[in-house]
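Survey of secondary and tertiary structure
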Amino acid sequence: MTTPLLQVCWASAVTLGLYAFYSFWEASRADLAATFRHMAPGLPGSRQGGPEGASHRARARLAGTAALLLALGCLAWVL
């Protein structure tokens, strides 16, 4: 594997890993916001739970898996 391709591979793995972390963070934030909306029923947008947290967690799992596979592929190619 050429050096520029290896650099792109590692940069992509790191970027996907950071996106996975961000998505997990946003899922926690969405769950917390849904909890507070549920506690105060008069607030606009008040509903029980919501799909925001679940969709962020699904994106995080997908990005984390892709980052892991990409990093392992780079390591396997180098070693």
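Bear in mind the structure is a predicted one, so any value in this text is a computation, not a measurement.

Bringing the packing of aromatic side chains into the picture now. For the structure on display, the rule yields two aromatic pairs. Geometrically, the ring pair formed by Y19 and Y22 is tilted, given 6.4 Å between the ring centres and 40° between the ring planes. In this pair, Y19 and Y22 are both assigned in helix α1 (residues 3-39), three residues apart and thus about one turn of the helix distant. Both rings, one in F21 and one in W25, keep their centres 6.1 Å apart while their planes meet at 45°; by these two values the pair is tilted. Linking F21 with W25, this pair stays in helix α1, spanning four residues, or about one helical turn. Side by side, F21 and W25 carry an identical accessibility label, which is exposed.

To continue, consider the pattern of salt bridges. A side chain with one charge can pair with a side chain of the opposite charge if their charged atoms come near. In total, this model carries two salt bridges according to the counting rule given. A salt bridge links R29 to E26, with the nearest nitrogen and oxygen atoms 2.9 Å apart. Residue R29 and its partner E26 are located together in helix α1, separated by three residues, close to a single helical turn. With a relative accessible area of 44%, R29 lands in the partly exposed category. Between R57 and D31 there is a salt bridge whose closest N-O contact spans 2.8 Å. A residue pair is termed long-range when its members are at least 10 positions apart, and R57 in helix α2 (residues 51-78) and D31 in helix α1 qualify at 26 residues. For R57, a relative accessible area of 26% corresponds to the partly exposed category. Residue D31 is classed as partly exposed on the basis of its relative accessible area, which comes to 31%.

What follows covers a nonpolar patch on the surface. There is a patch of nonpolar side chains on the surface, built from W10, L68, L72, L75, V78 and L79 and spanning about 630 Å² of accessible area. At four residues, α2 tops the list of elements feeding residues into the nonpolar patch. Secondary-structure assignment places L68 in helix α2. Here L68 falls in the exposed class, since its relative accessible area comes to 52%.

Procedures and definitions
Residues numbered from 1 in each chain as written. Predicted model: local features only at pLDDT ≥ 70, side-chain atom pairs only at ≥ 80, totals over all residues. Heavy atoms only, no water. Phe/Tyr/Trp six-rings, centres within 6.5 Å; stacked < 30°, edge-to-face > 60°. Helix = DSSP H or I, 4+ residues; strand = E, 2+ residues; numbered from the N terminus. Buried < 20%, exposed > 50% of the residue type's maximum accessible area, 1.4 Å probe, protein only. Salt bridge = Lys/Arg side-chain N within 4 Å of Asp/Glu carboxyl O. Patch = residues over 30% accessible without salt bridge, like charges linked within 9 Å, V, L, I, M, F, W, Y side chains within 5 Å. Areas by Shrake-Rupley, 256 points an atom, 1.4 Å probe, with all protein chains shown as cover.

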